[in-house]
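Listed here are the chains, written in short residue letters.
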Amino acid sequence: MGKRQEREKDEGGDGKRRKVAAAAPVFTMDDLDILHCAVCCDPLRPPISQCSTGRHTICSSCQDKLPGKCCYCCETTVYSRCRGIENMIESLKVACPNNGCTARIKYYQKEEHEEVCPQAPCFCPIADCSFSGPTATLLEHFSSKDKLDSTKVSYNKGFGILISFNVNGDLPEPTILVGEDGYLFIVYMKTESLGLGIAVCCVQPHITTGSKFKCNLSLSSAETGYSQATEFHTRNTNLYDGFPDDCFLFLVPKAMLPGAGTSDTVLVSMELTPQ
Ligand SMILES: [Zn+2]
Ligand SMILES: [Zn+2]
Ligand SMILES: [Zn+2]
Ligand SMILES: [Zn+2]
């Protein structure tokens, strides 16, 4: 009995050739270069052409730049459409590398997907913490691991955040805000020569294409009679490099801060408005 017949018998087969089962096979590929254009090195996407030697496979925009000539063979060539490779490329899917994303993406659309993947990671900015994950997981991490307070807030409506100062003069802990639609904001402080700078960032994985918010911060002190209010746009960050250094800072002058060696809280009024 031939090997295939034996296998079919083991599987209860009736001797007819079966269609390959749909269970996902595991592929490995030693040379990913063959999935990329020989000229620009971008992933190949249809229409795909090959030079007359059949050795060089290129994308259509490179073919347009090399009329009648293969820059690798340095020969006059006639390009022909490579439908077999196009079919293979169309059916070649890869898993999204982001935890929690179940998308299977065409190889040549991998980068496009990663630019919009909702499960793309944001990073914990706390020193010595290497956690990363989608915003919902990061929020969970902030409260369970870093013990940061988080507050749910509504847009277009004022609310207050309490900034607590301790006697040691440490920087107050960041505060996490969760918008009514799930957007995550982080309010953090920086020591400035004139007082304390308060920054508000929107934490999201896609920092250039993500949503924008207007933020109003205000502070007043009945005791000293000072008051100030500022409006600015929140910066988007995935916190990859920790707390951004180049954020707009709402400066709380020293005169409005608790005196050195005292523990106290300062109430800052805030309002977020989607743009
Ligand atoms: Zn190309
Ligand atoms: Zn060639
Ligand atoms: Zn994804
Ligand atoms: Zn952390």
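Sequence positions are assigned chain by chain, starting from 1 and proceeding in written order. For this description, chains carry letters from A and ligands carry numbers from 1, given in the order in which they are written. Predicted model: local features are reported for residues with pLDDT of at least 70 only, side-chain atom pairs are reported and counted for 80 or more only, and whole-chain, interface and lining totals are derived from all residues.

Remarks on the overall build of the protein
Here comes step 1: Strands here are runs of E lasting at least two residues and helices are runs of H or I lasting at least four, both read from the DSSP assignment and numbered beginning at the N terminus. Summing up its helical and strand segments, the protein has five helices and 19 strands in all.
Here comes step 2: Using C-alpha atoms as the atom set, the radius of gyration is obtained and then compared with a globule rule of 2.2 Å times the number of residues to the power 0.38. For the protein, whose C-alpha radius of gyration is 29 Å, the value lies well above the compact-globule estimate of 19 Å for 275 residues.
Here comes step 3: By principal-axis analysis of the C-alpha atoms, the protein measures approximately 95 × 55 × 35 Å.
Here comes step 4: Any residue surrounded by 20 or more other C-beta atoms within 10 Å of its C-beta is treated as buried, while 12 or fewer makes it exposed and the intermediate range makes it partly exposed; C-beta atoms here are placed from the backbone. When the 275 residues of the protein are sorted by exposure, 21% land in the buried category.
Here comes step 5: A pair of residues counts as a contact when their C-beta atoms, built from backbone coordinates, are within 7 Å of each other. Contacts in the protein between residues at least 24 apart in sequence constitute 53% of all its contacts with a sequence separation of at least 6.

Digging into the UniProt feature "domain: SIAH-type" (unreviewed entry) in the protein
Here comes step 1: On the UniProt side, "domain: SIAH-type" (unreviewed entry) is annotated at positions that read residues 91-147 here.
Here comes step 2: The straight-line gap between the two end C-alpha atoms of residues 91-147 is 46 Å; of that span, 32% is helix and 18% is strand. UniProt positions are given in the numbering used here, feature names are shortened, and annotations may be inferred rather than shown by experiment.

Some details on the nonpolar core
Here comes step 1: Joining buried Ala, Val, Leu, Ile, Met, Phe, Trp, Tyr and Cys residues through C-beta atoms within 7 Å gives a set, and that set is a nonpolar core. With 30 residues, the main nonpolar core has Phe185, Ile186, Val187, Ile198, Cys201 and Val203 as its most contacted residues.
Here comes step 2: Of all the secondary-structure elements, those providing two or more residues to this core are α5 (135-144), β12 (175-179), β13 (184-192), β14 (195-203), β15 (213-220), β18 (250-253) and β19 (264-274).
Here comes step 3: Among the elements that make up this core, the one with the highest residue count is β14 (seven residues).
Here comes step 4: In this structure Cys201 touches Phe185, Ile186, Thr234, Arg235, Thr237, Pro244 and Cys247, once residues within four positions along its chain are discounted.

As for unusual backbone geometry
Here comes step 1: Cis rather than trans, the peptide bond between Pro46 and Pro47 has omega equal to 0 degrees.
Here comes step 2: Along the chain, Pro47 falls in the loop between α1 (3-10) and β1 (48-50).
Here comes step 3: One non-glycine residue with positive phi stands out, namely Asp128, at about 70 degrees.
Here comes step 4: Mapping Asp128 onto the fold places it in the loop between β8 (122-123) and β9 (132-133).
Here comes step 5: One non-glycine residue with positive phi stands out, namely Leu239, at about 60 degrees.
Here comes step 6: Counting through the fold element by element, Leu239 comes out in the loop between β17 (235-237) and β18.

Considering the sheet that holds β19
Here comes step 1: With antiparallel pairing, four strands are arranged side by side in an open sheet as β11-β19-β15-β16. Two strands close off the open sheet at either side, each with one partner strand: β11 (159-165) and β16 (227-233). Across the sheet, the axes of successive neighbouring strands diverge by a mean angle of 25 degrees, strand direction being ignored.
Here comes step 2: For two strands to count as paired, DSSP must find a minimum of two bridges between them. Pairing of β15 with β16 involves seven bridges; the strand directions are antiparallel. Bridging from a neighbouring strand, Ser220 pairs with Ser227 of β16. To get an axis, fit a line to the C-alpha atoms, keeping to the stretch in contact for a helix; angles then go from 0 to 180 degrees between the N-to-C directions.

Points about the domain arrangement of the protein
Here comes step 1: Domain annotation of the protein identifies domain 1 (34-116) and domain 2 (122-274).
Here comes step 2: A C-alpha centroid distance of 45 Å is found between domain 1 and domain 2. Throughout, the edges of the domains are those of an automatic or database domain assignment.

Looking at α5
Here comes step 1: Taken as a whole, α5 has its buried residues at Thr135, Leu138 and Phe142. The buried residues of α5 occupy an angular sector of 55 degrees when projected down its axis, which confines them to one face. More than 90 degrees from the buried face of α5, the exposed residues found are Glu140, Ser143 and Ser144.
Here comes step 2: On its buried face, α5 sits against β8, β9, β10 (150-153), β12, β13 and β14. Directions pointing from the helix axis toward each C-beta atom define the arc.

So, the sheet that holds strand β2 (residues 57-59)
Here comes step 1: Strands sit in the order β2-β1-β5 across an open sheet of three strands; the sheet is antiparallel. Pairing within the sheet leaves two strands with one partner each, and these edge strands are β2 and β5 (80-81).
Here comes step 2: In the sheet, β1 pairs with β5 via two bridges, with the strands oriented antiparallel. Directly across from Ser49, in β5, lies its bridge partner Arg81.

Description of the confidence of the model for the protein
Here comes step 1: For every residue, the predictor reports its confidence as pLDDT, a number between 0 and 100. Per-residue pLDDT for the protein averages 86, and the proportion of residues at 70 or more is 91%.
Here comes step 2: Mean pLDDT values over the elements of the protein span from 44, in α1, up to 96, in β12.
Here comes step 3: Confidence drops under a pLDDT of 50 for residues 1-18, and excluding neighbours within four residues, the segment shows five contacts in the predicted structure.

Section: the environment of Arg104
Here comes step 1: Residue position: Arg104 is located in strand β7 (residues 104-106).
Here comes step 2: For the pair Arg104 and Lys93, spaced 11 residues apart in sequence, the C-alpha to C-alpha distance is 5.7 Å.
Here comes step 3: Setting aside residues up to four positions removed in sequence, Arg104 forms contacts with Lys93 and Ala95.

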